[in-house]
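Coordinates in review
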Amino acid sequence: MTQGAEDGVRIGLSAVVMTLKDRQAVVLTTPTEDGSRALPFGPFDPVRDRTFERALRDFVTAQTGFRLGFVEQLYTFGDAGRASPRATPGPGRHREVSVGYLALTPDAAEGQTHDARWDAVFEFFPWEDRRGGHDAQIKEGLHAWAEGDEHRLARARALFALTPDHRWNEERVLERYELLYEARLVAEAWRDADLSPTQPMPGRIMSSDHRRILATALGRLRSKLKYRPVLFDLTPGVFTLSQLQAGAEAVSGLSLHKQNFRRGVERTGLVEPTGQLSSTTGGRPAELFRFKGVDAQTGAAPGLSLPAQR
């Protein structure tokens, strides 16, 4: 149905644009009237817009001043009751459906328009950064929510690795966020119920369900790290192996074993030395590398292993 239908579906497009900046994974956000941050988002006009992707590119540039490179479709978000921060007003009852896209860039360019900026991803998901240890607030909150219910406790233990016999799976970002939402341990759960939180909530709130969309994107990116060379879509043309490892850690939220990571990079054959040294490391000059690209004959390009420190 079109946007003017009395009862119908409004289609919106949202963009998760991510890169690395100051050894952090960052996402492009825009302000909203309620003071929270939002992903670049705009309505799809079936009369004016020829394709979803063309519409996405146009409004992201208009809202942020940033021109997208490669994008891939992420997911379609259409839960009842979701409301976009930039929905086109109109009469009647409408279902808001958002088609999410993931875009990666090596360029954290400054000077975007309309107060767009790069925000650290872990400011929205502090529990996803395992380098800082466990979050006591979340652990206590989940135990209080479970109230001794073994099914709830089992879900919490499995997703958040609350006991030594559970392994942390960095890809399950969305499942963790949705459990926190169910347990009312994120601010959006209180906001959506028209209630005020009874205590400070972990992570920064986002408009509408944009933190859920961002969680989906982070989980997808973490998964792709292991089977596609997506990390090189976030890095500059030349880099040291230390910078490459820092990028992998910034996305995965894990502390990686240095020598094992380097051996893994060498085994993939994805990088080659440039013959130059970097003098910006603050210590001994480090060798600079570049991404070789996919195999010209087979098109093969593996991902990188993430050997976490124990």
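Looking up the chain in an unreviewed UniProt entry gives the name NAD regulator, with the organism given as Brevundimonas fontaquae.

**Let's talk about the pattern of salt bridges**
With the rule as written, the count across this model stands at 21 salt bridges. Residue Arg48 pairs with Asp49 through a salt bridge whose shortest N-O separation is 3.1 Å. Among the residues examined, Arg48 registers a relative accessible area of 59% and is labelled exposed. One salt bridge connects Arg212 with Glu178, and the closest N-O pair in it is separated by 2.9 Å. Pair noted here: Arg212 is in helix α7 (residues 210-225) and Glu178 is in helix α5 (residues 173-182), with a separation of 34 residues, a long-range link. Take Arg212: its relative accessible area is 16%, and that puts it in the buried class.

**Observations concerning the packing of helix α3 (residues 136-146) against α5**
Following both chains from N to C, one finds α3 and α5 inclined at 55°, their axes separated by 10 Å at the closest point. As the angle between them shows, α3 and α5 are arranged oblique. Every pair of crossing elements has a handedness; the one defined by α3 and α5 is left-handed. Of α5, the residues touching α3 (which contributes Ile138, Leu142 and Trp145) are Leu179, Leu180 and Glu182. Partitioned by chemical class, the residues of the contact of α3 with α5 number five nonpolar, no polar and one charged.

**Describing the pairing of strand β10 (residues 286-291)**
Judged from the two bridges that link them, strand β8 (residues 238-239) and β10 form a sheet pairing that is antiparallel. What sits directly across from Phe239, in β10, is Phe289. By the bridge criterion, five bridges tie strand β9 (residues 271-278) to β10 in an arrangement that is antiparallel. Looking at the pairing, Glu272 lines up with Arg290 of β10.

**Side note on the environment of Gln24**
Here Gln24 shows up in strand β2 (residues 24-31). Excluding residues within four positions of it along the chain, Gln24 makes contact with Thr19, Ala120 and Ala250.

Parameters at a glance
Residues numbered from 1 in each chain as written. Predicted model: local features only at pLDDT ≥ 70, side-chain atom pairs only at ≥ 80, totals over all residues. Heavy atoms only, no water. Salt bridge = Lys/Arg side-chain N within 4 Å of Asp/Glu carboxyl O. Buried < 20%, exposed > 50% of the residue type's maximum accessible area, 1.4 Å probe, protein only. Helix = DSSP H or I, 4+ residues; strand = E, 2+ residues; numbered from the N terminus. Axes fitted to C-alpha atoms, helices over the stretch in contact; angles between N-to-C directions. Parallel < 35°, antiparallel > 145°, perpendicular 65-115°, else oblique. Left-handed = near helix turned anticlockwise from the far one by under 90°. Contact = heavy atoms within 4.5 Å. Nonpolar A, V, L, I, M, F, W, Y, C, P; charged D, E, K, R; others polar. Pairing = 2+ DSSP bridges.

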